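Analysis of the macromolecular model
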Amino acid sequence: MSDYLVALEAAWLVRDVDDVDDAIGVAVSEAGKRLNERDKSYVEVDVGATGCPACGEPFDSAFVAAGTAIVGLVLEIEIFNADGREHAQRIAKSEVGGALRDVPLDIVETIEHDPEDE
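Fair warning: this is a prediction, and the values are worked out from it, not measured in the lab.

Brief notes about the side chain of S61
Residue placement: S61 occurs in the loop between β4 (58-60) and β5 (62-65). Overall, the relative accessible area of 10% leaves S61 in the buried class. Within the structure, the side chain of S61 is placed 2.4 Å from the side chain of T50, a separation counted as a polar contact. Look past the residues within four positions of S61 in its chain and what remains in contact with it is V47, G48, A49, T50, I70, V71 and G72.

What about the pattern of salt bridges?
Counted under the stated rule, the structure contains one salt bridge. Across the pair E95 and K40 runs a salt bridge whose closest N-O atoms are separated by 3.1 Å. With E95 in helix α2 (residues 85-99) and K40 in the loop between α1 (20-37) and β2 (44-47), the pair connects residues that are 55 residues apart, well separated along the chain. On the accessibility criterion, E95 (27% relative accessible area) is partly exposed. Overall, K40 belongs to the buried group, its relative accessible area being 16%.

Re a nonpolar patch on the surface
On the surface, L13, F63 and I70 cluster together to form a nonpolar patch covering roughly 310 Å² of accessible area. Note on placement: I70 falls in strand β6 (residues 68-82). When its relative accessible area of 43% is taken as the criterion, I70 is described as partly exposed.

As for a negative patch on the surface
On the surface, a cluster of negative charge is contributed by D16, D18, D19, D21, D22, E44, D46, D60, E76, E78 and E109. Of all the elements in the fold, those that place two or more residues in the negative patch are α1, β2 and β6.

What counts and how
- Residues numbered from 1 in each chain as written.
- Predicted model: local features only at pLDDT ≥ 70, side-chain atom pairs only at ≥ 80, totals over all residues.
- Heavy atoms only, no water.
- Helix = DSSP H or I, 4+ residues; strand = E, 2+ residues; numbered from the N terminus.
- Buried < 20%, exposed > 50% of the residue type's maximum accessible area, 1.4 Å probe, protein only.
- Polar contact = N/O pair within 3.5 Å; in protein donor to acceptor, adjacent residues only side chain to side chain.
- Contact = heavy atoms within 4.5 Å.
- Salt bridge = Lys/Arg side-chain N within 4 Å of Asp/Glu carboxyl O.
- Patch = residues over 30% accessible without salt bridge, like charges linked within 9 Å, V, L, I, M, F, W, Y side chains within 5 Å.
- Areas by Shrake-Rupley, 256 points an atom, 1.4 Å probe, with all protein chains shown as cover.
- Lys, Arg positive; Asp, Glu negative; His and termini not counted.
- Charge placed at Lys NZ, Arg CZ, Asp CG, Glu CD.

In structure tokens, the structure reads:
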């Protein structure tokens, strides 16, 4: 049995916003609120980063058109005593997905965490 840090990417839709900063603020706030309502305050919520196709520099994963935005969020959750990497990923998707119904989720990274390293 091992412990893992699992990072998921979520596509969050935000309506009636004027700019990227507003969209990011609303998306992070709404996601945090929905997670907290389901007692999942241990899930870390942050805006994702997308590499610029021209220069490769990262920028916030958010796009606004016609007052509607899609924001890429990164959700991190620690999974304890999982039978393996895939098991930890299934647990993470179930925990987060249960709180964020109808939000597309993808696993982006899974890191095995050894408590003796601390």
